[in-house]
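# Fold and contact review
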Amino acid sequence: MRPTSEAVGRRRATVALKESLRDLRNQLSLLNHQVSAHLALNDVDLDCLELIARHGPVSPSALARRAGLHPATMTGILDRLQKGGWIVRERDPDAADRRAVEVRAVRGRNAELFRLYAGMNTAMDDLCAGYSEEELALIAGFLRRATSAGNAATGDLANS
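A short tour of the structure in this document, coming up. (Residues numbered from 1 in each chain as written. Predicted model: local features only at pLDDT ≥ 70, side-chain atom pairs only at ≥ 80, totals over all residues. Heavy atoms only, no water.)

### Quick word on the overall build of the chain
The following threshold applies: Segments assigned H or I by DSSP are reported as helices when at least four residues long, segments assigned E as strands when at least two residues long, and all are numbered from the N terminus. For the radius of gyration, the atom set is restricted to C-alpha positions; the globular benchmark scales as 2.2 Å times the number of residues to the power 0.38. Each residue gets one of three labels from its accessible area relative to the maximum for its type: buried under 20%, exposed over 50%, partly exposed in between, using a 1.4 Å probe on protein chains only. Residue contacts follow a heavy-atom distance rule, with two residues in contact if any of their heavy atoms lie within 4.5 Å. For every accessible area listed, the method is Shrake-Rupley and the probe measures 1.4 Å; residues are considered covered only by the protein chains on display. The convention is simple: Lys and Arg are positive, Asp and Glu are negative, and His and the chain ends are not counted. To locate a charge, take NZ of a lysine, CZ of an arginine, CG of an aspartate or CD of a glutamate.
Looking only at helices and strands, the chain features 6 helices and 2 strands. Sequence-ordered secondary structure for the chain, helices as α and strands as β, is α-α-α-α-β-β-α-α. Here the chain has a C-alpha radius of gyration of 20 Å; the compact-globule value for 160 residues is 15 Å, and the former is much larger. Overall, the C-alpha framework of the chain stretches about 65 × 40 × 30 Å when taken along its three principal axes. Looking at the 160 residues of the chain, the share that counts as buried comes to 16%. The contacts of the chain with a sequence gap of at least 6 include a subset with a gap of at least 24, amounting to 47%. For the chain, the computed accessible surface area is about 11900 Å², with 55% contributed by carbon and sulfur atoms. Here the chain contributes 22 positive and 20 negative side-chain charges, whose respective centroids are spaced 5 Å apart.

### Focus: the side chain of Asp45
Mapped onto the secondary structure, Asp45 falls in helix α2 (residues 43-55). Judged by its relative accessible area of 1%, Asp45 falls in the buried class. Non-local contacts of Asp45, meaning those with residues more than four positions away in its chain, are made with Ile77, Arg80 and Leu81.

### Overview of the layout of surface pockets
Defined as follows: Two kinds of site are reported from a 1 Å grid over the protein atoms alone, namely cavities, where a 1.4 Å probe fits but cannot get out, and pockets, open sets with protein on both sides within 12 Å along at least five of seven lines, and residues are called lining when an atom falls within 4 Å of a point. Grid points are joined across faces, edges and corners, and a volume is the space filled by probe spheres set on the points. In this classification, the charged set is Asp, Glu, Lys and Arg, the nonpolar set is Ala, Val, Leu, Ile, Met, Phe, Trp, Tyr, Cys and Pro, and all remaining amino acids, among them Gly, are polar.
Within this model, the second largest pocket holds a volume of roughly 170 Å³. What lines the second largest pocket is simply Arg10, Ala13, Thr14, Leu17, Lys18, Leu21, Phe142 and Ala146. For the lining of the second largest pocket, the elements supplying multiple residues, two or more each, are α1 (5-39) and α6 (133-158). Ranked by the residues each element gives to the lining of the second largest pocket, the list is headed by α1, at 6 residues. Its residues assigned to classes, the lining of the second largest pocket comprises 5 nonpolar, 1 polar and 2 charged.

Here it is, written out as structure tokens:
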């Protein structure tokens, strides 16, 4: 049985969307690599700094799980970020174990990151201006669902 033209069109559109997502991922990776280089950070350090800024304060073990990294690797990353003045480690006042620490981003350093991402931020504002509120909500919903699918695939791969 031959697929309908509608099925063929949908398949082509789906393939084009996936290709566009790969292109976006590659371009954002290149942008983040340039930002990392300007800040004298490793790419993974910048990724972890973003996670800390968005989800912190967070324990190093929770951060390692969220980043999909071994705790020993996370220790080295946190050492570099702390040495660079990007994060602080503080005792967790709510933890039963008095040795427990939380990691949080140093707010005063955000200006450097904002400056380096300013071009992309402005370009995204300009891009979004061409869409209606409803269209933006649809796109945001799609991206959230794509992120969730990626999270599930990552978990499946990590557990295999």
